[in-house]
Amino acid sequence: MRQIRIGDVTISSIIERDGPWRAPQDMFLNYDAAKAQRLLSTMEPEGIDPATGKLVITYQTFVVQTPNHTMLVDTCTGEDKGWEAPMDFDKTPWKNGFKELGLKLDDIDYVFCTHLHIDHCGWNTTLVNGKWVPTFPKAKYVFHKREYAAWEALHGQDAEDKRSKTWKMNCEPVVAAGQALLVDDDYQLDNCVTLSPTPGHSPCHCCVNIHSGGQRASVTGDMMHHALQCRDPEMSTVFDWDPVAAAVSRRAFLTSVADTSTMLLPIHFPSPTVGRVTTRPDGAFDWKYLR
Ligand SMILES: [Zn+2]
């Protein structure tokens, strides 16, 4: 993604991994190939690899630089987590991307996580002498308190579940270090950042809205994984905690931003990543990349 600017704020992306990834039928529940093909034929081409038919999926962190703060939104899969292939991504691109923006670990004031899945909170912590510690020593980490509590509870029931292991490695050490802000739906930072609860993909997934100079951008996390979900908001994925609730949240959120100037930054959309949505006559939405 090129850098974008809204008001006094600059938003950049650090890519951990991109390119063709999953077959659509492995991603979406009740996948209707004929319908998807029809929709895709009238959409912008970035989302599908023509050679393989696979979805093109990026894993990235957004860096939000305001006059007062430097923030990260979602922190990819991280390092030393022990995830098996294909989630054992090369760590070099993310580290290089962070450096290329001229950032040092000490520079990060806030880390926001839209939700606490393995590819959204990985760089939250680093392994030092066998112990997980916050990667960004001066940062406050903002987690929705009910999202945090849900994965903590799962850990109590099943410590080997991949999602509860994620909480144990990437989130619990941040709270233990006193660096977490466990917040509710109405959290605001400096009139610059607000949250839009969009539960369903995870227990309390939130989009992270950035406001400046009368403009608005929103990091939409995994509220959607692919532009197909604008054309058919009922398409939920195999990764959704509650697929029905995910579809309800998706439609409500897209309705709230459609036909406005709000720029959307979905974590998994390939370059140029940022786009807007408009309402279609059939009640669904058109996704258009800002180029
Ligand atoms: Zn997710």
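Here the structure is shown first, and the text comes after it.
Residues numbered from 1 in each chain as written. Predicted model: local features only at pLDDT ≥ 70, side-chain atom pairs only at ≥ 80, totals over all residues.

Trainee: Pulling in residues and values, what's your account of the pairing of strand 14 (residues 263-266)?
Mentor: Every second residue of strand 14 is oriented toward a common face, with Met263 and Leu265 on one face and Leu264 and Pro266 on the other, all of them buried. Two strands pair when backbone bridges link them, and strand 13 (residues 215-221) and strand 14 are joined in this way by four bridges, in the parallel orientation. Each residue of the ladder has a partner; that of Ala217, found in strand 14, is Met263. (Buried ≥ 20, exposed ≤ 12 C-beta atoms within 10 Å, placed from the backbone. Helix = DSSP H or I, 4+ residues; strand = E, 2+ residues; numbered from the N terminus. Pairing = 2+ DSSP bridges.)

Trainee: Break down the environment of Pro50 for me, citing the residues and quoting the values.
Mentor: With respect to the helices and strands, Pro50 occurs in the loop between helix 2 (33-40) and strand 3 (59-65). Here the alpha-carbon distance between Pro50 and Pro20, two residues 30 residues apart in the chain, equals 9.5 Å.

Trainee: Describe in detail the packing of helix 4 (residues 145-157) against helix 5 (residues 162-170), supporting the description with residues and values.
Mentor: The N-to-C vectors of helix 4 and helix 5 enclose an angle of 115°; their axes lie 8 Å apart at closest approach. For the element pair helix 4 / helix 5, the angle class is roughly perpendicular. In the crossing of helix 4 with helix 5, the sense of the turn from one axis to the other is left-handed. Touching Trp151, Glu152, Leu154 and His155 of helix 4 are Arg163, Ser164, Trp167 and Lys168, all from helix 5. Of the residues assigned to the contact of helix 4 with helix 5, the class counts are three nonpolar, two polar and three charged. (Axes fitted to C-alpha atoms, helices over the stretch in contact; angles between N-to-C directions. Parallel < 35°, antiparallel > 145°, perpendicular 65-115°, else oblique. Left-handed = near helix turned anticlockwise from the far one by under 90°. Contact = placed C-beta atoms within 7 Å. Nonpolar A, V, L, I, M, F, W, Y, C, P; charged D, E, K, R; others polar.)

Trainee: With reference to specific residues and values, describe unusual backbone geometry.
Mentor: When glycine is set aside, most residues are seen to have a negative phi, and most peptide bonds are trans. Look at the link from Ala85 to Pro86: it is a cis peptide, with omega at 5°. Within the fold, Pro86 resides in the loop between strand 4 (70-73) and helix 3 (92-100). With an omega of 10°, the peptide bond running from Ser271 to Pro272 counts as cis. Mapping Pro272 onto the fold places it in the loop between strand 14 and strand 15 (275-279). With a phi close to 55°, Cys76 is a non-glycine residue in the positive phi region. By the secondary structure assignment, Cys76 is in the loop between strand 4 and helix 3. On the basis of neighbour count, Cys76 is assigned to the buried category, with 26 C-beta atoms found within 10 Å. In the Ramachandran plot, Thr273 falls in the positive-phi region, its phi being about 65° despite a non-glycine side chain. The buried category is assigned to Thr273, around which 24 C-beta atoms lie within 10 Å.

Trainee: Outline the sheet that holds strand 8 (residues 140-144), supporting the account with residue identities and numerical values.
Mentor: In spatial order, the strands read 1-2-3-4-5-8-9; together these seven strands make up an open sheet with mixed pairing. The open sheet has two free edges, formed respectively by strand 1 (4-6) and strand 9 (180-183), since each of these has just one partner strand. Neighbour-to-neighbour, the strand axes of the sheet open up by a mean angle of 25°, direction not taken into account. When strand 5 (residues 110-112) meets strand 8, the two strands line up parallel, connected through three bridges. Within strand 8, the residue paired with Val111 across the bridge is Tyr141. Along the sheet, helix 4 contacts strand 8 and strand 9; its crossing angle with strand 8, the most-contacted strand, is approximately 80°.

Trainee: Summarise helix 4; cite the residues concerned and give the values.
Mentor: Residues separated by three or four positions in an α-helix point in the same direction, a consequence of the helix having 3.6 residues per turn. Counted at 1.5 Å a residue, the expected span for helix 4 with its 13 residues is 18 Å, and the 19 Å between its end C-alpha atoms agrees. In the core, the buried residues of helix 4 are packed alongside strand 8, helix 5 and strand 9. (Expected span 1.5 Å × (residues − 1).)

Trainee: A description of the pairing of strand 11 (residues 193-197) should follow, citing residues and the corresponding values.
Mentor: Alignment of strand 10 (residues 188-189) against strand 11, held across two bridges, turns out to be antiparallel. When the sheet's bridge partners are listed, Leu189 is paired in strand 11 with Val193. Taken together, strand 10 and the strand that follows it, strand 11, pair antiparallel across an intervening segment of three residues, in which Asp190 is found at a positive phi of about 55°. Pairing analysis gives five bridges linking strand 11 to strand 12 (residues 206-212), with the strands arranged antiparallel. Within strand 12, the position partnered with Leu195 by the bridge is Val208.

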